[in-house]
Amino acid sequence: MCSPEEAALLQQEEVFTATLARISSLVLQPLLTAEPSDARGREGLRLLQQLHGCAQRLWEVTERSLRSLRERLRHPEAVKLESLLLLREADRVLQVHVEYIESYTSCVVVQAFQTAAKQRSRDYWRGRRKALRQLLWGLNPGGSMGTAMVQALRQPLAHHVQKYALLLLSLGDALGEGHPARELVVQAAALFGDLQSFMKQALDQAEATQALWHSLSGRLRDALCTPARRLLQDSQDVPVTVTPLQAERVLLFDDILVLLQGHRAHTFDLKLVWVDPEQDGRAFHLLTPEEELFFGSKRPQDLVLWRHTVTQAVCRALRGKKDFLVRGAGLASCETPACRSAAHTFLAEGRLCRATYEGEWCRGRPHGRGTLKWPDGKNHVGSFCQGLEHGFGICLVPQAAEDKFDCYKCHWRDGSMCGYGICEYSSDEVYKGYFQAGLRHGFGVLESSPQAPCPCKYTGHWERGQRSGYGIQEDGGRGERYIGLWQADQRHGPGLLVTQAGVCYQGTFQADKMVGAGTLLSEDDSLCEGTFTRDLTLLGKGKVTFPNGYTLEGSFGSVARRGLYTQGVLDTAAPLPDPSSTCRRQLGLGAFPAEGRWQGVVGPFRDFVRAGCPGDLQEALLGFHVQSLRELRESQEYLCCERTLLDDSVGRMEDILEEVARHREPEALQQCLRKALGSSLHPLGKLLRMLMLTFQATYSGFGANKHLQALAQEEVKQHARELWAAYRGLLQVALEHKGEAPAEEEDAETRTRQVHRLVLPLVLPSFYSELFTLYLLLHEHEDHLYGQGIASLGLFPDTQLLELLDVQNVLLHFLHFRHLWPLKNLMLMPHQRHSLVSATECLQKIVTTVDAQEKLEALERTYEEIEATVSWVLGQEHKLPMDDLLPLLVYVVVRARIQHLGAEIHLTRDMMDPSHTGGRYDFLLTALESCYQHIQRDGRLASTAHLPGLQGALVALPALGQP
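Just so it is clear, the model here is predicted, and its values are computed rather than measured. (Residues numbered from 1 in each chain as written. Predicted model: local features only at pLDDT ≥ 70, side-chain atom pairs only at ≥ 80, totals over all residues. Heavy atoms only, no water.)

1. Considerations on the overall build of the chain
Inclusion rule: Secondary structure counts use DSSP, requiring at least four H or I residues in a row for a helix and at least two E residues in a row for a strand, with both numbered from the N terminus. The rule is simple: take the accessible area with a 1.4 Å probe, protein chains only, and divide by the maximum for that residue type; under 20% is buried, over 50% is exposed, in between is partly exposed. Exposure was quantified through the Shrake-Rupley algorithm and a 1.4 Å probe, taking into account, for residues, occlusion by the shown protein chains and nothing else.
Secondary structure summary: the chain contains 27 helices and 27 strands in total. The buried share of the chain, reckoned over its 963 residues, is 50%. With the model as given, the accessible surface of the chain reaches about 45400 Å², and the carbon-plus-sulfur share is 51%.

Set out below in structure tokens:
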């Protein structure tokens, strides 16, 4: 059975549906036929068309509700009460009513009905007035047709909503507590009750807003009037004063706050208005992007009302809807949110004048992620803090040339570049390095385009925007590289010049000029000492020492197109120098202490550790990982920097510190360091890559000069020490975070041992290419002689080579049976020959690794294989002394045919653990070096079947096999 309330609802729906159709034909459709000629009329027509669409949707939803009610009344048993459209889609029904009310009130605000009605004559409306009088009550017979239309489009709806609310309340009361549809009925009744209140509020606001526009001047009305804007509060109704602007009148709308001063209006977007939460009985404080406003009033209750109304208006503006609660909506906030997102164009004078900021705000200031755009095309996209650029950001600055921009991708602090960044200039130069107060400061690399007329690259330190301190500059135009100190953007202090022709000069520079005496080494190892011109020509008193030992000392000069001339003394009496000592002259040692060269690289890391390794400073202090160095797109809309952002699983400082603290045992520590140094996102990996960059800038290309080998070798060791110190710093921070006791201090001996055993083997591959090239160049002459010896000796078969090396005497010396084993019958058994082949293969492995310790271990295994061969021949275990080892080791070296053995030997000696000095490894390396020297000197004499002095070369050394 259907209840009487349901039947009443059906009747109400039928009446309202017919009324809507009648009003649409009598009022709306005639208004839509008007053809206005002015802008105001066209705006009114647009609003009426919108209202007509809302009325049509309201009729459609009412018709659907009516059909569901009829179906319910015809089949009460089959159609349940909860299936009624009015209950099942209450939100949708309600939303259609709200849209109609908002559209209707917009027409009221701008008097769209009155304007459109004037387009028709009175005679036209006379018959329609009679029809409207039958539908409405209280209609003034003498009133205007516009007023009649206003009443016609409001009165039936208001009556309909009121009846809905009452009937639904009655239906809810009639249903029992356990009825399945009762909750839906109660909710629908509440919604239509709220709709009734909202409708009254919307109508009151629309009428007040309409009245306001009549009280303002035409200029102010044109500036402020929009159909959707509603007046919420007027200082003429509730008095209030505002300072410091001294407004004559204050108007609060639902989207803006307006302060009137004469014919001028100061407007403030409510989305960017913050109400200070601090309570004050005499005033309250408003924050805006460019002004701070203080509201005061003689009556505290007026101030409370204004504060409450402003707070609610700001919250409504941020929600983007009216104060009408639909099902599921939350209650209005009692305070304005401190953080929000909005757009604003700054008008006040200053650096932001006419700039538009769009993004996150906090209490009146840009704060968080946002975009700042200036009219001239300058853009900044990134993080802000209290109104200033702060954190990572990308700034695009237009240049005078068409479509040319400077692009700054870096970290900012308090509005200026500070920290690591990459800057791509319109001149095609790229700077990668650190900034402070907007200027290059600290370590950085400035590189011009390779296609530039005079390509140039500076790698080094900066101070307040100028090159200062230790730095490397490569001048492609002159074909030279400067390595040394700078001051105020000029070479100043000790420095080295390395040219493309292989010339290396060391001297003193002042104000970018060479001053005083200097030293020049040419590619053929000639040594020049004296004063030089900019193009490295000896001038004035000087001395030249030639590779053959001759010296020329006197006064030097030059004449255009005639070359160098001199007046002096040529000394040819000097003995011929050792070529190996002549080519090993080194420059730069002592002029630039290794520990002071790259403090700008390791300094930010130390600052990061001292700060406790905060994750938010990781990029600013250690640099960010960039996939592509050139990612500047043509459109300003697509500023980008393809940097690898840290996610929850890669590069987080918390995880890094946890891993450092967990892996402290030797084996685990080495694996931990290997992983860290191999990752471009790990602080240690970032530091290593920065040091690699400096090393390549110094010693690759022009810098691959043999006279810089010692400089490079001590620099690699210093880098290993710095990386170990960096690890120790991370460890201390990790232990501090875990609340554990700090690690024990290391003494110098322990530190050196850890650096050579743990760090140097891991970092050496990163520098090996450039470093080994320097060793190759330094020992090129020796390796050439060695190669000739290997080629000569390698022509002999095994038996003849062993005979040549006098190996028979080595073996038979211990058997005391020389006469029983003629040299011609000297043969090795297959397993003995295999052992010597194994020794050869072991020795060859020294070129397959860059680790000095692994090279030494390969040499040790070579010795063990040789010793095993001797033991097999002798039939008993025997430990070889050095003078008996050498001939067999020479045989193995010859058969191994290792290229550049001299470079390998010297690099291994320089990079090995100092604790091995004087020990087993040192003696083995000395033996290998002795073989290398004999092959150089005596390989050409192989036809004499005798290598003089080989067995007694190191007779003073004890047997290596002895414990």
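Having seen it, we continue.
2. Section: the pairing of strand E19 (residues 466-475)
As a reminder, the rule being used: Two strands make a pair as long as DSSP finds a minimum of two bridges between them.
Relative to E19, strand E18 (residues 456-463) runs antiparallel, the two sharing 7 bridges. The residue bridging threonine 459 from the neighbouring strand is isoleucine 472, located in E19. By the bridge criterion, 7 bridges tie E19 to strand E20 (residues 480-487) in an arrangement that is antiparallel. Residue isoleucine 472 lies in a different strand from E20, and its bridge partner there is isoleucine 483. Between E19 and E20, which pair antiparallel in sequence order, lie 4 residues; one of them, glycine 479, sits at a positive phi of approximately 70°.

3. Looking at the side chain of glutamate 904
Note the following rule: The criterion used for residue contact is that any of the two residues' heavy atoms lie within 4.5 Å.
Here glutamate 904 shows up in helix H26 (residues 901-911). Ignoring anything within four residues of it in the chain, the contact list for glutamate 904 reads Tyr768, Phe772, Ile846, Val847 and Lys855.

4. Focus on the environment of arginine 74
Topologically, arginine 74 is positioned in helix H2 (residues 39-74). Note on arginine 74: relative accessible area 55%, which makes it exposed. C-alpha of arginine 74 to C-alpha of cysteine 2: the two residues are 72 residues apart in sequence and 9.3 Å apart in space.

5. With respect to the sheet that holds strand E5 (residues 264-269)
By definition, the strands of a sheet pair up through backbone hydrogen bonds, in either a parallel or an antiparallel sense. Let me state the cut-off plainly: Simply put, an axis is a line fit to the C-alpha atoms, just over the touching stretch for a helix, and the angle between two N-to-C directions goes from 0 to 180 degrees.
Taken in spatial order, the 4 strands make up an open sheet running E1-E3-E4-E5, and their pairing is antiparallel. Taken across any chain shown, the strands that pair with only one partner, and hence form the sheet edges, are strand E1 (231-234) and E5. On average, each strand axis in the sheet is tilted by 20° relative to the strand beside it, whichever way the strands run. In this sheet, E5 lies alongside strand E4 (residues 256-261) in antiparallel orientation, the contact comprising 6 bridges. Note on E5: the bridge partner recorded for leucine 260 is alanine 265.

6. Remarks on the packing of aromatic side chains
Worth spelling out the cut-off: Working definition: rings of Phe, Tyr and Trp (its six-membered ring) pair if their centres are within 6.5 Å, and the pair is stacked with planes under 30 degrees apart, edge-to-face with planes over 60 apart, and tilted otherwise. Two conditions define a charge located above a ring, namely a distance within 6 Å from the ring centre to NZ of Lys or CZ of Arg, and an angle within 35 degrees of the ring normal.
Under the definition given, this model contains 27 aromatic pairs. On the numbers, 5.1 Å between centres and 70° between planes, the contact of phenylalanine 695 with phenylalanine 767 is edge-to-face. Pair noted here: phenylalanine 695 is in helix H17 (residues 683-699) and phenylalanine 767 is in helix H19 (residues 748-778), with a separation of 72 residues, a long-range link. Accessibility assignment for this pair places phenylalanine 695 and phenylalanine 767 in one class, buried. Grouped by ring-pair contacts, the aromatic residues Tyr431, Phe435, Tyr458, Trp462, Tyr482, Trp486, Tyr505, Phe509 and Phe532 constitute a single cluster. The ring of tyrosine 431 has arginine 440 sitting right over it, with the charged end atom 5.1 Å from the ring centre.

7. Remarks on the pattern of salt bridges
So the rule is basically this: For this document, the term salt bridge refers to a Lys or Arg side-chain nitrogen within 4 Å of an Asp or Glu carboxyl oxygen.
All told, the structure shown has 41 salt bridges when counted by the stated rule. Across the pair arginine 664 and glutamate 740 runs a salt bridge, and its minimum N-O distance is 3.3 Å. Placement of the pair is arginine 664 in the loop between helix H15 (653-662) and helix H16 (666-677) and glutamate 740 in the loop between helix H18 (709-737) and H19, with a sequence separation of 76 residues. Using a relative accessible area of 39% as the deciding quantity, one classes arginine 664 as partly exposed. Among the charged side chains, a salt-bridge network with shared partners connects Arg64, Arg88 and Glu89.

8. Here's the deal with the pairing of strand E11 (residues 365-373)
Of the strand pairs in this sheet, strand E10 (residues 356-362) and E11 are connected by 6 bridges, and their pairing is antiparallel. By the bridge assignment, threonine 356 is partnered in E11 with lysine 373. The loop that links E10 with its antiparallel partner E11 comprises 2 residues; one of these, arginine 363, has a positive phi angle of about 50°. As defined by bridge partners, E11 adjoins strand E12 (residues 379-385) across 6 bridges and the pair is classed as antiparallel. Among the inter-strand pairings, glycine 370 is bridged to a residue of E12, identified as glycine 382. Where E11 hands over to E12, the hairpin turn is made up of 5 residues, of which glycine 377 adopts a positive phi near 105°.

9. Some words on the confidence of the model for the chain
Let me state the cut-off plainly: Per-residue confidence from the predictor is reported as pLDDT, a score between 0 and 100.
With 87% of its residues at a pLDDT of at least 70, the chain reaches an overall mean of 85. Below a pLDDT of 50 lies the segment residues 941-963, which in the model reaches 51 contacts outside its immediate sequence neighbourhood of four places, other chains included.

10. A few points about the environment of leucine 673
Assignment of secondary structure puts leucine 673 in helix H16. Given the relative accessible area of 4%, leucine 673 is considered buried. In this structure, the C-alpha to C-alpha distance between leucine 673 and tryptophan 724, residues 51 residues apart in sequence, is 9.5 Å. Sequence-distant contacts of leucine 673, defined by excluding residues within four places in its chain, comprise Leu684, Trp724, Tyr727, Leu758 and Leu762.

11. What to know about the side chain of glutamine 12
Relative to the assigned elements, glutamine 12 resides in helix H1 (residues 4-32). Apart from residues lying up to four places away in sequence, glutamine 12 is in contact with His159, His160, Lys163 and Leu167.

12. Concerning the packing of helix H20 (residues 780-793) against H26
Counted only if it meets this: Roughly parallel here means an angle under 35 degrees, roughly antiparallel means over 145, roughly perpendicular means 65 to 115, and every remaining angle is called oblique.
Running from N to C, H20 and H26 cross one another at 130°; their axes reach a closest spacing of 8 Å. Relative to H26, H20 is oriented oblique. Along its contact with H20, which presents Glu782, Asp783 and Tyr786, the element H26 presents Leu901, Gly902, Ala903 and His906.

13. A look at the nonpolar core
Rules: For this analysis, a nonpolar core means a set of buried residues of the types Ala, Val, Leu, Ile, Met, Phe, Trp, Tyr and Cys, connected via side-chain atoms within 4.5 Å.
Counting 118 residues, the largest nonpolar core has Leu684, Val763, Leu771, Leu843, Val893 and Leu901 as the members making the most contacts within it. In this view, leucine 843 contacts Leu859, Thr862, Val892, Val893, Ala896, Ile898 and Leu928; residues no more than four positions away in its chain are not counted. Ala55, Tyr164, Leu171 and Val185 belong to the second-largest nonpolar core, a separate cluster that totals 79 residues.

14. Re the sheet that holds strand E8 (residues 292-296)
Taken in spatial order, the 4 strands of this open sheet run E2-E8-E7-E6, and their pairing is antiparallel. Both outer strands of the open sheet, strand E2 (241-243) and strand E6 (274-275), are each paired with one neighbouring strand and no more. Pairing of E2 with E8, which is carried by 3 bridges, proceeds in the antiparallel orientation. Counterpart to threonine 241 in the pairing with E8 is glycine 296. Contacts from helix H10 (residues 300-319) reach E6, strand E7 (283-287) and E8, with the element oriented near 25° to E7.

15. Overview of H15
Taken together, the buried positions of H15 are occupied by Met653, Ile656, Leu657, Glu659, Val660 and Ala661. Looking at the buried positions of H15, the neighbouring elements they touch are helix H13 (599-610), helix H14 (618-622), H16, H17 and H18.

16. Here we look at H17
Selection rule: Given the number of residues in a helix, its expected span is that number minus one, multiplied by 1.5 Å.
With 17 residues, H17 should cover 24 Å at 1.5 Å per step; its first-to-last C-alpha distance of 25 Å lies within 8% of that length. Buried residues dominate H17, accounting for 13 of its 17 residues. Two residues or fewer past H17, glycine 701 is found with a positive phi of approximately 60°.

17. Comments concerning the packing of H17 against H19
Close contact between H17 and H19 brings their axes to 10 Å; oriented N to C, the two are set at 5°. By the angle between their directions, the pair H17 and H19 is classed as roughly parallel. Across the interface between the two elements, Leu688, Leu691, Met692, Phe695, Gln696 and Tyr699 of H17 pack against Val763, Ser766, Phe767, Glu770, Leu771 and Leu774 of H19.

18. Some words on unusual backbone geometry
When glycine is set aside, most residues are seen to have a negative phi, and most peptide bonds are trans. Cis geometry marks the peptide bond from threonine 243 to proline 244, where omega comes out at 10°. Examined against the element boundaries, proline 244 turns out to sit in the loop between E2 and strand E3 (249-253). Unusually for a residue other than glycine, arginine 363 sits at a positive phi of about 50°. Position of arginine 363 among the secondary structure elements: in the loop between E10 and E11. If you check the backbone angles, arginine 464 has positive phi at about 50° while not being a glycine. One can find arginine 464 in the loop between E18 and E19. By relative accessible area, which is 58% here, arginine 464 ends up exposed.

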